[in-house]
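Here is how the chains run, residue by residue.
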Protein chains: 2
Amino acid sequence: MTLNREGSTKTVGLLPGERMDDLLTQELKIIQSSEVFSFSLDAVLLARFAGVPPRGRVLDLCTGNGVVPLLLSTRTGARIEGIEIQPRLADMARRSVACNGLEDRIYIIEGNLKELPALHGSDAYDAITVNPPYKPVGTGEHKGNLHQAMARHELGCTLEEVTAACARLVKPGGRVSMVHRPSRLAEILGAMSRYRLEPKRIRFVHSRVNAEANMVLIEASLGGKPEVRLLPPLIVYEGEDRQYTQELLDIFYGRKAELGDEGQREEGGE
Amino acid sequence: MTLNREGSTKTVGLLPGERMDDLLTQELKIIQSSEVFSFSLDAVLLARFAGVPPRGRVLDLCTGNGVVPLLLSTRTGARIEGIEIQPRLADMARRSVACNGLEDRIYIIEGNLKELPALHGSDAYDAITVNPPYKPVGTGEHKGNLHQAMARHELGCTLEEVTAACARLVKPGGRVSMVHRPSRLAEILGAMSRYRLEPKRIRFVHSRVNAEANMVLIEASLGGKPEVRLLPPLIVYEGEDRQYTQELLDIFYGRKAELGDEGQREEGGE
């Protein structure tokens, strides 16, 4: 597939229903489809929040159309692999990678994360990111659209399986970053604890400063010391007319290197 | 001991080093001592945050000088018991209760929470509050002041023991509310999970909106359904000159009935 980063979308071979979107960061482009998969704010925040090494190997589980690997490529020179169980989405992700000329840095694997350790060996990755499906099976998945149902519901993998895979695949001391729903916080931390993933940084995302959190970003390290930092709340909107906050715009446009390390540290006094 | 709510502090029998402070709520008074024990913001927030029934029995573990029972008495008609291991503090708490004329509603027990189930039976309480010592033993406790060392370090009880006591003493479905340090969040939720205390509401407290959290309020229910609400961040200060936020002042002055239920609910979309 030939590509042309400045060219028209025709040169990258869009399928029916697909469109080429702007990732708003360093002119990255991404193929999306409202029927199949479009990335959400969650993935953008994960890609900015996750701790990644400057070199080495990084893995993105449940990669969808590859949005997290694409965004991570602006923050690290590591080899980035993305795994996606749905052939249709893995194909979209591969074409997006090609369209940005990143085939030498991002590798999209079509496969099941439960089988990945066998394929790729354990302890292989310096860092792992994952934006797993949020909802347990049997909580209203849309029968008519398997693509969306699999991205949103735990049809292909449960939270427990995702966490187990992260722990098997990451090096000791390596970082695992996840975005999920706050309502499942206790389950997430429980699963991490069972697999020796020790939370190090947690950031809650609130649509407004006076709203409950609707997203949580968690970074853990394999076999780390048990002490976690609770970062400042990330507020999405402000004002009467729901404008994005300055911090959120900075994240969208990639003006913040790593989301969360700018927070004023607090020492537990007393 | 006779008392006089409007009278001078002499009528309540202050010991050397003690002073009578204002609790800023419905003219409540409390005996404090900078050498022995003074309550902190943590206790005030816990007393406002905790879910308490209008009637029944409520228990406050690690009650110190009784600040939480005194504040809770403005929010519930329940019988409130406070347990404190240090005789000196239990005595201060009893005198504060008397000074406010609340001897028929608040009962201070001098004892060890690890022995409490034997004394008082299990499943006895509708709600429990606890502001336990925050620091593990061996993290710089002040040898010279046992009162302060016991209030701040886990010398008399560990987080695990506190959580176990809460689970034994509360009725099924009853609420347990705790204030603690966010750095120990994973440990707290892990311990709660081992004793079937399911977190229902969590609120992080940040000194400023752009600061890491330095306090966490958690309400759990015994045997509850696993789904937790992450309430809006509670911000303590704002502005250049560190003024208290309006919400914090409302809490101090008891103008908010229950801290946390006013938050705008978020349904996890997607």
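Conventions adopted
- Residues numbered from 1 in each chain as written.
- Chains lettered and ligands numbered in written order.
- Predicted model: local features only at pLDDT ≥ 70, side-chain atom pairs only at ≥ 80, totals over all residues.
- Heavy atoms only, no water.
- Helix = DSSP H or I, 4+ residues; strand = E, 2+ residues; numbered from the N terminus.
- Contact = heavy atoms within 4.5 Å.
- Areas by Shrake-Rupley, 256 points an atom, 1.4 Å probe, with all protein chains shown as cover.
- Least-squares fit on C-alpha atoms with pLDDT ≥ 70 in both.
- Buried area = accessible area lost by both parts, 1.4 Å probe.
- Salt bridge = Lys/Arg side-chain N within 4 Å of Asp/Glu carboxyl O.
- Polar contact = N/O pair within 3.5 Å; in protein donor to acceptor, adjacent residues only side chain to side chain.
- Buried < 20%, exposed > 50% of the residue type's maximum accessible area, 1.4 Å probe, protein only.
- Core = buried A, V, L, I, M, F, W, Y, C linked by side-chain atoms within 4.5 Å.
- pLDDT = per-residue confidence, 0-100.
- Patch = residues over 30% accessible without salt bridge, like charges linked within 9 Å, V, L, I, M, F, W, Y side chains within 5 Å.
- Pairing = 2+ DSSP bridges.
- Phe/Tyr/Trp six-rings, centres within 6.5 Å; stacked < 30°, edge-to-face > 60°.
- Lys NZ or Arg CZ within 6 Å of the ring centre and 35° of its normal.

**Notes on the overall build of chain A**
- Scanning chain A from N- to C-terminus turns up eight helices and 13 strands.
- If you take every contact in chain A between residues at least 6 apart in sequence, the share linking residues at least 24 apart comes to 69%.
- When the accessible surface of chain A is split by element, carbon and sulfur atoms take 50% of a total near 10,900 Å².

**Digging into the relation of the copies chain B and chain A**
- Mapping chain B onto chain A is achieved by rotating through 180 degrees and translating by 0.0 Å along the same axis, at an RMSD of 0.0 Å. One copy is carried onto the other by what is essentially a two-fold rotation axis.
- With an isologous cut-off of 70% or more, the 100% of interface residues of chain B that recur at the interface of chain A puts this contact in the isologous class.

**Notes on the interface of chain B and chain A**
- Contacts between the two partners involve 38 residues from chain B, matched on the other side by 38 residues from chain A.
- Between chain B and chain A, a total of about 3,300 Å² is buried, with carbon and sulfur atoms accounting for 57% of that surface.
- Between the two partners, chain B and chain A, sit two salt bridges.
- At the boundary of chain B and chain A, one finds six residue pairs in polar contact (both at pLDDT 80 or more).
- Those elements giving two or more residues to the side of chain B that touches chain A turn out to be helix H7 (185–194), strand S8 (197–206), strand S9 (213–222) and strand S10 (229–230) of chain B.
- A per-element tally of the side of chain B that touches chain A places S8 of chain B first, with five residues.

**Some points on the pattern of salt bridges**
- Under the counting rule described, the total for this entry stands at 36 salt bridges over all chains.
- Between Lys29 of chain B and Asp22 of chain B there is a salt bridge whose closest N-O contact spans 3.8 Å.
- A salt bridge links Arg95 of chain B to Asp91 of chain B; the nearest nitrogen and oxygen atoms lie 3.1 Å apart. Highlighted residues: Arg95 of chain B and Asp91 of chain B, both in helix H3 (residues 87–99), separated by four residues, approximately one helical turn.
- On the basis of relative accessible area, Arg95 of chain B is assigned to the buried category, the value being 5%.
- By relative accessible area, Asp91 of chain B is classed as partly exposed at 30%.
- Three or more residues joined by partner-sharing salt bridges are found here, namely Glu18, Arg88, Asp91 and Arg95 of chain A.

**Focus on the nonpolar core**
- Counting 68 residues, the largest nonpolar core has Leu61 and Leu185 of chain A together with Leu61 and Leu185 of chain B as the members making the most contacts within it.
- Beyond its immediate stretch of four places on either side in the chain, Leu185 of chain B contacts Leu185, Leu189, Ile202, Val228 and Leu230 of chain A together with Phe204, Val216 and Ile218 of chain B.

**A closer look at the environment of Val67 of chain A**
Residue and element names in this part refer to chain A.
- Checked against the element boundaries, Val67 lands in helix H2 (residues 67–72).
- Val67 gets classed as buried once you look at its relative accessible area, which sits at 2%.
- Setting aside anything within four residues of it in sequence, one finds Val67 in contact with Leu23, Ile30, Phe39 and Ala43.

**Here we look at the confidence of the model for chain A**
All names here are of chain A.
- Summary statistics for chain A give a mean pLDDT of 86 and a share of 88% for residues scoring 70 or more.
- Here residues 266–270 is modelled with pLDDT under 50, and outside its nearest four sequence neighbours on either side it reaches 14 contacts, counting other chains as well.
- Both confidence scores are given for the complex: pTM 0.87, ipTM 0.83.

**Overview of a nonpolar patch on the surface**
Residue and element names in this part refer to chain A.
- Taken together, the side chains of Val137, Leu146 and Leu155 define a hydrophobic patch exposed on the protein surface, amounting to about 270 Å² of accessible area.
- Position of Leu155 among the secondary structure elements: in the loop between helix H5 (146–152) and helix H6 (159–169).
- Under the relative-accessibility criterion, Leu155 is labelled partly exposed at 37%.

**Examining the pairing of strand S7 (residues 170–180) of chain A**
Residue and element names in this part refer to chain A.
- For strand S6 (residues 125–130) and S7, the ladder comprises five bridges, and the chain directions are parallel. Within S7, the residue paired with Ile128 across the bridge is Val176.
- Two elements, S7 and strand S9 (residues 213–222), share six bridges in a ladder whose sense is antiparallel. Residue pairing across strands places Ser177 opposite Glu219, the latter belonging to S9.

**So, the packing of aromatic side chains**
- For the structure shown, the criterion picks out five aromatic pairs over all chains.
- Centroid distance Tyr244 of chain A to Phe252 of chain A: 5.2 Å. Interplanar angle 90 degrees. Geometry classified as edge-to-face.
- The class of Phe252 of chain A is buried, set by a relative accessible area of 17%.
- Arranged with centres 5.2 Å apart and planes meeting at 20 degrees, the rings of Tyr237 of chain B and Tyr244 of chain B form a pair that is stacked.
- Site record: aromatic cluster; members linked through ring pairs are Tyr237, Tyr244 and Phe252 of chain A.
- Looking at Arg79 of chain A, its charged tip hangs above the ring of Tyr107 of chain A, at a distance of 4.0 Å from the centre.

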